[in-house]
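For reference, the chains in residue letters:
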Amino acid sequence: MINRKIIIYLGVIIMIGISSFLGIKGIRQYKKGHDSVSSSTNVKVDISSKTKISVKNGKRNNEYKGSNAQTYENFLEDKNRKVNMKIDVGDIIIKKDSNQSGKLECKYEIKGSSQEVINELLENIHIRFSDNKERLFVDVIYGDTDIDAWTYIDKEYKGYKLSVDINCFLPEHVKDVTAICDVGTIKLDNVTVNANIEVDTGEIIANNVEFINACKLIVDTGDIKYKMLDNISKKSKVAIEVDTGDIIVDVGNNSLTSKYIINGCCNIEPQIELGDIKVK
């Protein structure tokens, strides 16, 4: 009887040991397949980052929320550089850079059911800079996969939600900007630019802005609000298009030369499917 108890006890110990070994092996395989990658770029920048994980308790279940903040500096010293930015979910703010060298402040936020997964994702998501002779492309990717971060998360981690907020500080010598966002807001603040801005669902806000050359502001569902810089003088044609929403243009102290021409130099071309157009 004693020998039988000893055999059973030893068997239990062996089974526990095997289970523990398999569990550790599984974690190691997970880590091996998702090695963390620091932010990389083909453009010389100075990078700093800060990660914070917090927990939000829901009424029905626990939801984890994590964030990571990164700053990229000195990437727009080339006077001939044009900028393209693209995100799926989040906000982009474009404003004047007093240092005239270019800076991006990025905040990544992820919500989901596992803190471990959120940590892993935050370690791997970063900004990628790629450029050709005249244009700098800025997008958000996962690790060294070369895959858009939202595409990767949707494929590998269903139910996890990523949003990215970008503050882009633009030197005065950079006059050409393209910014695209699926869901969110793109705001231009106190800049003079040739801009092509597109939002699927959300808003475009241009505050104290003077557009130059041929520009486009396009929103599928949402509003476009344009407050002109005072005393505009540069020639421009601004196409403002909304499918469902409102277009509001505030000319400030500028004069309406005709219905949609301001100070004789800025020609706005509003188009709307469902909503109102207000020029005041």
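Because the structure is predicted, anything quoted here is derived from the model rather than measured.

On to the overall build of the chain, then. Within the chain, the secondary structure is distributed over three helices and 17 strands. Taken over 280 residues, the chain has a buried fraction of 38%. Here the analysis covers contacts within the chain between residues at least 6 apart in sequence; of these, 57% occur between residues at least 24 apart. Summing over all exposed atoms, the chain offers an accessible surface of approximately 15,500 Å²; the carbon and sulfur share of this is 49%.

This next bit is on the nonpolar core. If you look at the biggest cluster of nonpolar residues, it comprises 66 residues, and the most contacted ones within it are Met85, Leu104, Tyr108, Ile125, Ile127 and Phe211. The dominant element in this core, judged by the number of residues it contributes, is strand β10 (residues 192-211), at eight residues. Leaving out residues up to four positions away in the same chain, leucine 104 has contacts with Gln70, Thr71, Tyr72, Phe75, Met85, Ile127, Phe129, Val138, Ile166, Asn167 and Cys168.

If you trace the backbone, aspartate 276 turns up in the loop between β16 (266-274) and β17 (277-279). For aspartate 276, a relative accessible area of 44% gives the class partly exposed. Residues aspartate 276 and isoleucine 248, spaced 28 residues apart in sequence, show a C-alpha to C-alpha distance of 8.1 Å. Residue contacts for aspartate 276: discarding those within four places in its chain leaves Gly245, Asp246 and Ile247.

To continue, consider unusual backbone geometry. The phi torsion at aspartate 146 lies on the positive side, around 65 degrees, for a residue other than glycine. Mapping aspartate 146 onto the fold places it in the loop between β6 (135-142) and β7 (147-148).

Next up on the list: the pairing of strand β3 (residues 82-96). As judged from the four bridges shared by β3 and β6, these two strands associate in the parallel manner. By the bridge assignment for β6, methionine 85 is matched with valine 138. Inspection of the sheet shows β3 paired to strand β9 (residues 176-189) by twelve bridges, in the parallel sense. Counterpart to asparagine 84 in the pairing with β9 is threonine 178. Looking at chain direction, β3 and strand β8 (residues 161-170) are connected through seven bridges and run parallel. Note that in β8 the partner of isoleucine 93 across the bridge is asparagine 167.

Under the counting rule described, the total for this entry stands at five aromatic pairs. Between the aromatic rings of tyrosine 142 and tyrosine 152, the centroid separation amounts to 3.8 Å while the plane-to-plane angle is 10 degrees, which identifies the pairing as stacked. With tyrosine 142 in strand β6 and tyrosine 152 in helix α3 (residues 149-156), this residue pair connects regions lying ten residues apart in the sequence. For the pair shown, tyrosine 142 and tyrosine 152 are each scored as buried. Members of the aromatic cluster, connected to one another through ring pairs, are Tyr142, Tyr152, Tyr157 and Tyr160.

The rules behind the values
Residues numbered from 1 in each chain as written. Predicted model: local features only at pLDDT ≥ 70, side-chain atom pairs only at ≥ 80, totals over all residues. Heavy atoms only, no water. Helix = DSSP H or I, 4+ residues; strand = E, 2+ residues; numbered from the N terminus. Buried < 20%, exposed > 50% of the residue type's maximum accessible area, 1.4 Å probe, protein only. Contact = heavy atoms within 4.5 Å. Areas by Shrake-Rupley, 256 points an atom, 1.4 Å probe, with all protein chains shown as cover. Core = buried A, V, L, I, M, F, W, Y, C linked by side-chain atoms within 4.5 Å. Pairing = 2+ DSSP bridges. Phe/Tyr/Trp six-rings, centres within 6.5 Å; stacked < 30°, edge-to-face > 60°.

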